[in-house]
Amino acid sequence: MTDQSPKIPQTVPRQSATFTNEINSEIRRAAATGIYDIRGGGAKRKVPHFDDLLFLGASISRYPLEGYREKCSTNVTLGTRFAKKPIELDIPVTIAGMSFGALSGNAKEALGRGATLAGTSTTTGDGGMTEEERGHSKTLVYQVLPSRYGMNPDDLRRADAIEVVIGQGAKPGGGGMLLGQKITDRVAEMRTLPKGIDQRSACRHPDWTGPDDLEIKILELREITGWEKPIYVKIGGTRPYYDTTLAVKAGADVVVLDGMQGGTAATQDVFIEHVGLPTLACIRPAVQALQDMGLHREVQLVISGGIRTGADVAKALALGADAVAIGTAAMVALGDNDPRWESEYNALGTTTGAYDDWHEGRDPAGITTQDPALAARLDPVAAGRRLRNYLAVLTLEAQTIARACGHNNLHNLEPEDLCALTMEAAAMARVPLAGTTWIPGQGGF
Amino acid sequence: MQTFDLEADGLRALNSTLHAQKEHTNATAWEIINPKGSHALAVGVDAPLDITVRGSTGYYCAGMNKLATIRIKGNAGPGVAENMMSGSVIIDGDASQYAGATGRGGTLVIKGNAASRCGISMKGIDIIVHGNIGHMSAFMAQSGNLVVCGDAGDALGDSLYEARIFVRGSVKSLGADCIEKEMRPEHIEILRDLLARGECDADPSEFRRYGSARKLYNFNVDNASAY
């Protein structure tokens, strides 16, 4: 008689939701090297974002504008509070600060070209002002950072606006980092550093410590530049209500607020993923701070961190921002993480869309590198044109939504135009959960 | 000598007047009276003027100076001569925190004492202090020379790059990666010149030299405890 007993069924091998393959691979990497993981970019984890909001559009209670016939203004003026020469932009989408050093000279030139063609501004970074970017940028914002690399009064005066950087969303509380592979002769000279060292810049400014000091620092910058230039203050998204309040009390013309999806050239992965607030959670507290001081729209608010589409632009403006800034998206428009370089990304152990070892200076697209051969791959004219096209699409998309909501100016978008798909997004954006009148966290609930 | 009464005419008028002076102006000698601790005095000057401030100043006096010689006949507040590019700033009294911060050139002379973080992140400036300096001085100093005729506080030269530090008195403690280095004849000559420019008659042979051990220039996990 043969054994007819059935084989005992086995459960499918179960992966841990806590110790995922990704987590385990990081543990193995850490165990092999003894050092934290460094990368570029912003938070990759899923957080409540603009995708969790929807526009309501017009119907009986509101009437829309003709999409192809009726005007919808996009221009914005930044720096109207104290500066003699505020910045006039055609579109409310600016280019965020990215350093020469982190980016190649060609990439900086392309950013300037694209921004200028689109009628907007671009911004220097933690490495000073290059001729490429000044020469090709009609409107250039000059950053004053803790490191003060390349800082000089001549560049202050030939800037169109000045941005005092307190922090950034990818690493609020952290300083800049540029590893030795990218400290070439030119970068070293601009930063007064030895070639090839790992540059780790300070996280605090060297000559002031608190908001009272910041007020005096801003006074100095205004005096040096004859009170002509708008002074922006850039903060990372952590305590947006209080930080916005303090920046304004210190005298800022413009507050730039960067959420955790905002990119960096390089820092620790643990910093990027675990410090700071999602961009969506930053906007309403900052707007509330401006409103409480009676300065909403008089001090302009620029939002950055994860802006990708015209819908994102429109949503940020509807929540109260005056403009947005893009960094990562601008790099993608230039050619970063383009599938045409897939085989080279594979050779670096990564793939299109996931390449973030910008600090290593081996970017196949020639953007986050100082290698002359790689940098030469990026044609600044063509890349600038792509950026211009992308900026035009962001604007057209935002206009499409604004008209559908019945607005003849992007800045007339308002929270009432929005609803949220999740309770988290509703609470953060302070708009009702879709199909309800409920705004979690408001009215005692 | 042209006299500017800050109390009567105000800060904006002062700085705009100084900024209006061109490189070859005949009006090179200026005197500022009644400074009364005001901030941002004579900032961003870009001409070879000789400016004397009759009294003590607040924050950032002579900030980003180019070409001018600015004399402070009193004490200086925080950030005096910050990010100076060239020229000279001479303080008769003491200087508060961050004196000469991020300075890229020129000479800063402090005839009294300097508080903490003197020469922080300096990038080429020469600083000569006749008295003592406070803690964390020359933090992340990249280039230039810091001369201290008195004593230095805690954590001198922390995370130092290529700046040179000369101290005649005691050093309470050295910061990360800052070490004492041999005082060779060429350093004596460099120091002699610095002391002469700093209006100081100290003997160069009485000083010790400090600089970067350069062990933290490239990250090594074995040095993590130093950070």
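Residues numbered from 1 in each chain as written. Chains lettered and ligands numbered in written order. Predicted model: local features only at pLDDT ≥ 70, side-chain atom pairs only at ≥ 80, totals over all residues.

You'll find chain B entered in an unreviewed UniProt entry as GXGXG motif protein, with Roseovarius gaetbuli given as the organism.

Looking at an unreviewed UniProt entry, one finds chain A named Glutamate synthase [NADPH] large chain, with Roseovarius gaetbuli as its source organism. Turning to chain A, the UniProt annotation filed under Sequence similarities (unreviewed entry) states: "Belongs to the glutamate synthase family." (UniProt positions renumbered as here; feature names shortened; annotations may be inferred.)

Asker: Please explain the overall build of chain B as it appears in this structure.
Answerer: For chain B, the count of helices and strands is 3 helices and 11 strands. In sequence order, the secondary structure elements of chain B are arranged as β-α-α-β-β-β-β-β-β-β-β-β-α-β. Over its C-alpha atoms chain B spans a radius of gyration of 18 Å, differing by no more than 12% from the 17 Å that the globule rule assigns to 227 residues. In terms of overall dimensions, chain B has C-alpha extents of about 60 × 35 × 30 Å along its principal axes. Relative to its full complement of 227 residues, chain B shows a buried share of 55%. Partitioning the contacts of chain B with sequence separation of at least 6, the portion at a separation of at least 24 is 26%. (Helix = DSSP H or I, 4+ residues; strand = E, 2+ residues; numbered from the N terminus. Rg over C-alpha atoms; globule rule 2.2 N^0.38 Å. Buried ≥ 20, exposed ≤ 12 C-beta atoms within 10 Å, placed from the backbone. Contact = placed C-beta atoms within 7 Å.)

Asker: Sorry if this is basic, but what is going on with the overall build of chain A here?
Answerer: A count of helical and extended segments in chain A gives 15 helices and 16 strands. Summarising its shape, the C-alpha atoms of chain A cover approximately 100 × 65 × 45 Å along the three principal directions. Each of the 445 residues in chain A was classed as buried or not, and the buried ones make up 57%. Taking the contacts inside chain A whose residues are at least 6 apart along the sequence as the reference set, 67% of them involve residues at least 24 apart.

Asker: Looking at this structure, I do not really get the sheet that holds strand 14 (residues 300-304) of chain A. What am I missing?
Answerer: The pairing of strands in a sheet comes from backbone hydrogen bonds and takes either a parallel or an antiparallel form. All names here are of chain A. Across the sheet, which stays open at both edges, the 8 strands sit in the order 5-15-14-12-11-8-7-6 with parallel pairing between neighbours. Only two strands of the sheet have a single neighbouring strand rather than two, namely strand 5 (93-95) and strand 6 (122-123). Across 2 bridges, the pairing between strand 6 and strand 7 (residues 140-144) is parallel. Note that in strand 7 the partner of T123 across the bridge is V141. (Pairing = 2+ DSSP bridges.)

Asker: How do you make sense of the UniProt feature "domain: Glutamate synthase" (unreviewed entry) in chain A when you look at a structure like this?
Answerer: All names here are of chain A. Residues given the UniProt feature "domain: Glutamate synthase" (unreviewed entry) here are residues 80-335 and 359-408. Taken end to end, residues 80-335 is 36% helix and 18% strand, and its first and last C-alpha atoms sit 35 Å apart. Across residues 359-408, the secondary structure splits into 58% helix and 0% strand, with the terminal C-alpha atoms separated by 43 Å.

Asker: I keep staring at the interface of chain A and chain B and nothing clicks. Help me out?
Answerer: Accessible area lost upon the coming together of the parts is a frequently used measure of interface size. With 21 residues of chain A in contact, the opposing surface of chain B contributes 36 residues. In terms of residue class, the side of chain A that touches chain B is built from 11 nonpolar, 5 polar and 5 charged. (Nonpolar A, V, L, I, M, F, W, Y, C, P; charged D, E, K, R; others polar.)

Asker: Even after reading the chapter, I still don't get helix 9 (residues 279-292) of chain A, so can you show me in this structure?
Answerer: Because an α-helix completes one turn every 3.6 residues, residues spaced three or four positions apart along the sequence face the same direction. Residue and element names in this part refer to chain A. Helix length check: helix 9, at 14 residues, gives a terminal C-alpha distance of 21 Å against a target of 20 Å (1.5 Å per residue), a fit within 8%. The buried fraction of helix 9 is high, at 11 of 14 residues. By the burial criterion, the buried members of helix 9 are T279, L280, A281, C282, I283, R284, P285, A286, V287, A289 and L290. Summarising the contacts, the buried residues of helix 9 are in contact with helix 7 (240-249), strand 12 (254-258), strand 14, helix 10 (310-318) and helix 15 (423-429). One or two residues past the end of helix 9 sits G294, with phi positive at roughly 70 degrees. (Expected span 1.5 Å × (residues − 1).)

Asker: Would you take a moment to explain the packing of helix 7 of chain A against helix 9 of chain A for this structure?
Answerer: Two packed helices can be described by the angle between their axes and the distance between those axes. All names here are of chain A. Between helix 7 and helix 9, whose axes approach to 8 Å, the crossing angle comes to 40 degrees. Here helix 7 is positioned oblique relative to helix 9, judged by the angle of their axes. Regarding helix 7 and helix 9, the two cross each other, and that crossing is right-handed. Every residue of helix 9 that contacts helix 7 at P240, Y241, T244, T245 and V248 is listed here: C282, P285, A286, Q288, A289 and L290. Split by residue class, the contact of helix 7 with helix 9 holds 8 nonpolar, 3 polar and no charged. (Axes fitted to C-alpha atoms, helices over the stretch in contact; angles between N-to-C directions. Parallel < 35°, antiparallel > 145°, perpendicular 65-115°, else oblique. Left-handed = near helix turned anticlockwise from the far one by under 90°.)

Asker: I keep staring at helix 6 (residues 211-224) of chain A and nothing clicks. Help me out?
Answerer: Helix length check: helix 6 of chain A (14 residues) gives 20 Å between terminal C-alpha atoms against 20 Å at 1.5 Å per residue, within 8%. With 10 of 14 residues buried, helix 6 of chain A lies mostly within the body of the structure. Residues L214, I216, K217, I218, L219, E220, L221, R222, E223 and I224 of chain A constitute the buried set of helix 6 of chain A. Elements that come into contact with the buried residues of helix 6 of chain A comprise strand 7, helix 4 (153-158), strand 8 (161-165) and strand 11 (231-236) of chain A together with helix 2 (11-19) of chain B. Positioned one or two residues after helix 6 of chain A, G226 of chain A has a phi angle of 65 degrees, which is positive.

Asker: Help me understand the sheet that holds strand 1 (residues 2-5) of chain B in this model?
Answerer: Residues and elements named next belong to chain B. Spatially, the 11 strands line up as an open sheet ordered 1-2-3-4-5-6-7-8-9-11-10, and their pairing is mixed. A strand with exactly one partner marks an edge of an open sheet, and here the two such strands are strand 1 and strand 10 (178-181). Mean inter-strand twist for the sheet, computed between neighbouring axes without regard to direction, equals 15 degrees. Summarising the sheet, strand 2 (residues 29-33) and strand 3 (residues 50-54) pair through 5 bridges and their orientation is parallel. Of the residues in strand 3, the one forming a bridge with E31 is T52.

Asker: Is there a simple way to explain unusual backbone geometry in this structure?
Answerer: Note on backbone geometry: most residues besides glycine have negative phi, and most peptide bonds are trans. Residue and element names in this part refer to chain B. Despite not being glycine, N83 shows a phi value in the positive range, around 50 degrees. Phi angles above zero are rare outside glycine, and M140 is one such case at about 55 degrees. By secondary structure assignment, the location of M140 is in the loop between strand 7 (123-129) and strand 8 (143-148). Residue M140 is classed as buried on the basis of its 25 C-beta neighbours within 10 Å.

Asker: Hey, could you run me through the environment of A333 of chain A in this one?
Answerer: Residue and element names in this part refer to chain A. Mapped onto the secondary structure, A333 falls in helix 11 (residues 328-334). Each C-alpha atom, one on A333 and one on Y390, is 6.6 Å from the other, the two residues being 57 residues apart in sequence. Ignoring anything within four residues of it in the chain, the contact list for A333 reads R386, L387 and Y390.

Asker: Explain the nonpolar core here, please?
Answerer: In terms of nonpolar packing, the biggest core is built from 201 residues, with V255 and V324 of chain A together with A42, A99 and V147 of chain B touching the most fellow members. When residues of this core are assigned to their parent elements, the largest contribution, 8 residues, is made by helix 9 of chain A. Setting aside residues no more than four positions away along its own chain, A99 of chain B makes contact with A76, V80, A81, L108, I110, A114, C118 and I127 of chain B. (Core = buried A, V, L, I, M, F, W, Y, C linked by C-beta atoms within 7 Å.)

Asker: Would you take a moment to explain the packing of helix 10 of chain A against helix 14 (residues 380-404) of chain A for this structure?
Answerer: All names here are of chain A. Running from amino to carboxyl end, helix 10 crosses helix 14 at an angle of 55 degrees, the nearest separation of the two axes being 7 Å. Here helix 10 is positioned oblique relative to helix 14, judged by the angle of their axes. Judged by the sense of rotation from one axis to the other, the crossing of helix 10 with helix 14 is right-handed. Across the interface between the two elements, G310, A311, V313 and A314 of helix 10 pack against V393, L394, T395, L396, E397, A398, T400, I401 and A402 of helix 14. When the residues that make up the contact of helix 10 with helix 14 are grouped by side-chain class, the tally is 9 nonpolar, 3 polar and 1 charged.

Asker: Would you mind going over the confidence of the model for chain B with me for this structure?
Answerer: The predicted coordinates should not be examined in detail at positions where pLDDT is low. Averaged over every residue, the pLDDT of chain B is 96; residues scoring 70 or more account for 99%. Overall fold confidence (pTM) sits at 0.96, and the ipTM for the predicted complex is 0.97. (pLDDT = per-residue confidence, 0-100.)

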